[in-house]
Amino acid sequence: MDINYALAMIAFLLVFAGSYGSFFLFFKHKEFLALSLKKDYVVFPFVGAFIVAFVLSYLFAYTDNDFVFPFKKLNFLFVFLLVSSFVLASLWIKNNIFFNLGIFFIPLICIWFLPTEFLLFQGRMPFVLDRICAALMWSGLAYFWFLFNGINGYFAGYNAFLCLAVVLLGFLGAAPIFYLVFAAALLANQIAFLMYNWYPAKLVYSKKACQIIGLLMGNLVLFACVENLVPCFSIMLSFFVVELILSALKKILLKDKYADLMTNCIYYQAHISGLAEDAVCVSVLKAQLLFLVLCCFQVFMPTTYTLPIIALGFALWFLHKLQNWDEVDKSPQELREEFKQELKQDYENLKNYSNKD
């Protein structure tokens, strides 16, 4: 077991060194920077980290008896080759139709290689429908993963917390060493990027790059869910779920005013309303730290839905507070006095209205 943890540390250091060096080249040399901004090449270090993470996990950390449901090694290999081939092809083929169709069909194909005993919805719907819903969730995560790319540091920080959750679950024995090594490498890449993406950002991802990262992160998350970790990932994705739903509702109901999903997000609106960019990022990532703690506690919880529901409630409350960041908090006594004044004013208005009649 100690050897496996050492492998995770080696993967972390190896990928961190390679990623930091790559981002350094992009930043220091103008020709690299211009190329990366024009052609989404900044995402290459993450794709490279994904490949290195899989190779190390596949060759050195795969153990049959380490999985809750039997997972054939060839299934992992096929999914990895299919996803990686599509991602590399999409970086060269500049066609939005090809990319969007791939985001939809790649999860739909890969999802059938999950163990047949695993059902995401625990047998509450037919097998085929369960698989299709799982694929759609993976596609949705990939397509809308750009939502957190509105301010410097937030996107990389959110990815880092999600990877850190998998690492901690591996140390707690809730996730196989295979995923621990995998997530450790991706965590190293996002920490390296965060060093160049923190305010003021020197490097940024494009929308397409974010969607590629979402596709690869979705691969890790959904396949790790097989280890009965659906509640844990539900907690970690609370902000994403809430922001996506609220942003979509604004776009549908108020489409003239809210045209872009990313600008509909509450964290983004808090920034443009006057809250400093780094302050928004720090406050949201601090809240994400609470989700990380709840995620680890969920491993020992006898119930499945309690902590995820609490996490969703906290996400709604926190985003509401963030949206109204400039409002002064009032004491209970002040609220009572304000309520009395409002009642008194309503009474005076009714009295004046009656006198007019």
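How each quantity is defined
Within each chain, residues carry numbers counting from 1 in the order of the written sequence. Totals for whole chains, interfaces and linings use all residues, but because this is a predicted model, local features are given only for residues with pLDDT of at least 70 and pairs of side-chain atoms are given and counted only at 80 or more. The side-chain values count all of the structure's non-hydrogen atoms but skip hydrogen atoms and water molecules. The way it works is that DSSP assigns letters per residue, a run of H or I at least four long becomes a helix, a run of E at least two long becomes a strand, and they are numbered from the N terminus. Using a 1.4 Å probe on the protein chains alone, a residue whose accessible area is under 20% of its type maximum counts as buried, one over 50% counts as exposed, and one in between counts as partly exposed. By definition, residues are in contact when any of their heavy atoms lie within 4.5 Å. Here the nonpolar core consists of buried residues drawn from Ala, Val, Leu, Ile, Met, Phe, Trp, Tyr and Cys, with membership extended through side-chain atoms lying within 4.5 Å. Side-chain rings of Phe, Tyr and Trp (the six-membered ring for Trp) are treated as a pair once their centres are within 6.5 Å; stacked means planes under 30 degrees apart, edge-to-face means over 60, and tilted covers the remaining angles. Charge-over-ring placement is defined geometrically: NZ (Lys) or CZ (Arg) within 6 Å of the ring centre, and within 35 degrees of the ring normal. To estimate the expected span of a helix, subtract one from its residue number and multiply by 1.5 Å. Fitted lines through C-alpha atoms serve as axes, helices being fitted only where they are in contact, and the angles separating the N-to-C directions of these axes extend from 0 to 180 degrees. The labels follow the angle: roughly parallel below 35 degrees, roughly antiparallel above 145, roughly perpendicular from 65 to 115, and oblique for the rest. Two helices that cross are described as forming a left-handed crossing if the nearer one is turned anticlockwise from the farther one by less than a right angle, and a right-handed crossing if clockwise. Gly is placed with the polar residues, together with every amino acid not listed as nonpolar (Ala, Val, Leu, Ile, Met, Phe, Trp, Tyr, Cys and Pro) or charged (Asp, Glu, Lys and Arg). Residues forming no salt bridge and having over 30% relative accessible area are the ones grouped into patches, like charges within 9 Å of each other and nonpolar side chains (Val, Leu, Ile, Met, Phe, Trp, Tyr) within 5 Å. We get accessible surface area from the Shrake-Rupley algorithm with a probe of 1.4 Å; when it comes to residues, only the shown protein chains can shield them. The term salt bridge refers to a pairing of a side-chain nitrogen on Lys or Arg with a carboxyl oxygen on Asp or Glu at a separation within 4 Å.

A.B. asks: Break down the overall build of the protein chain for me, citing the residues and quoting the values.
C.D. replies: Along its length, the protein chain carries 16 helices and 0 strands. By residue count, 47% of the 357 residues in the protein chain fall in the buried class. Summarising the internal contacts of the protein chain: among those between residues at least 6 apart in sequence, 76% fall at separations of at least 24.

A.B. asks: Lay out the nonpolar core in plain terms, naming residues and giving numbers.
C.D. replies: Phe-76, Tyr-154, Tyr-179, Tyr-205, Phe-239 and Tyr-267 are the most contacted members of the largest nonpolar core, which has 125 residues in total. No other element matches helix α8 (residues 177–197), which puts 15 residues into this core. With near-sequence residues (within four places) excluded, Tyr-205 lies in contact with Phe-23, Val-42, Val-43, Phe-46, Asn-149, Phe-155, Asn-189, Gln-190, Phe-193, Cys-210 and Ile-213.

A.B. asks: I'd like a description of the environment of Ala-270, backed by residues and values.
C.D. replies: Position of Ala-270 among the secondary structure elements: in helix α13 (residues 266–272). C-alpha of Ala-270 to C-alpha of Trp-325: the two residues are 55 residues apart in sequence and 7.4 Å apart in space. Residues contacting Ala-270, with those up to four places away along its chain left out, are Leu-275, Leu-322 and Trp-325.

A.B. asks: How would you sum up the packing of aromatic side chains? Please name residues and give values.
C.D. replies: Applying the stated criterion across every chain, the model contains 51 aromatic pairs. Ring plane angle 75 degrees and centroid distance 5.7 Å describe the contact between Phe-155 and Tyr-205, whose orientation is recorded as edge-to-face. In this pair, Phe-155 is assigned in helix α7 (residues 154–171) and Tyr-205 in the loop between α8 and α9 (207–224), connecting sequence segments 50 residues apart. By relative accessible area, which is 3% here, Tyr-205 ends up buried. When the centroid spacing of 5.8 Å and the interplanar angle of 35 degrees are considered together, the rings of Phe-314 and Trp-317 count as tilted. Residue Phe-314 and its partner Trp-317 are both found in helix α15 (residues 306–323); the two are separated by 3 residues, about one turn of the helix. One cation-aromatic arrangement involves Lys-202 over Phe-27; the distance from NZ or CZ to the ring centre is 5.9 Å. Over the ring of Phe-99 we find Lys-208, and its NZ or CZ is 5.3 Å from the ring centre.

A.B. asks: Please provide a residue-by-residue account of helix α1 (residues 2–28), values included.
C.D. replies: For α1, with 27 residues, the first-to-last C-alpha span of 39 Å sits near the 39 Å given by 1.5 Å per residue. Residues of α1 that are buried: Asn-4, Leu-7, Ala-8, Ala-11, Val-15, Ser-19, Phe-23 and Phe-26.

A.B. asks: Any chance you could break down the packing of α1 against α8 for me, citing the residues and the numbers?
C.D. replies: Contact geometry for α1 and α8: axes closest at 8 Å, N-to-C directions at 25 degrees. The orientation of α1 with respect to α8, classified from their angle, is roughly parallel. Considering how the two elements wind past one another, α1 and α8 form a crossing that is right-handed. For the contact of α1 with α8, the class distribution of residues is 23 nonpolar, 3 polar and no charged.

A.B. asks: Lay out a nonpolar patch on the surface in plain terms, naming residues and giving numbers.
C.D. replies: Nonpolar side chains collect at one region of the surface, where Phe-78, Ile-97, Leu-101, Phe-104, Phe-105, Ile-109, Trp-112, Phe-127, Val-128, Ile-132 and Leu-136 lie side by side and expose about 980 Å² of accessible area between them. Within the residue set of the nonpolar patch, elements represented by two or more residues are α5 (96–110) and α6 (127–143). The element best represented in the nonpolar patch is α5, accounting for 5 residues. Along the chain, Phe-105 turns up in helix α5. Overall, Phe-105 belongs to the partly exposed group, its relative accessible area being 40%.

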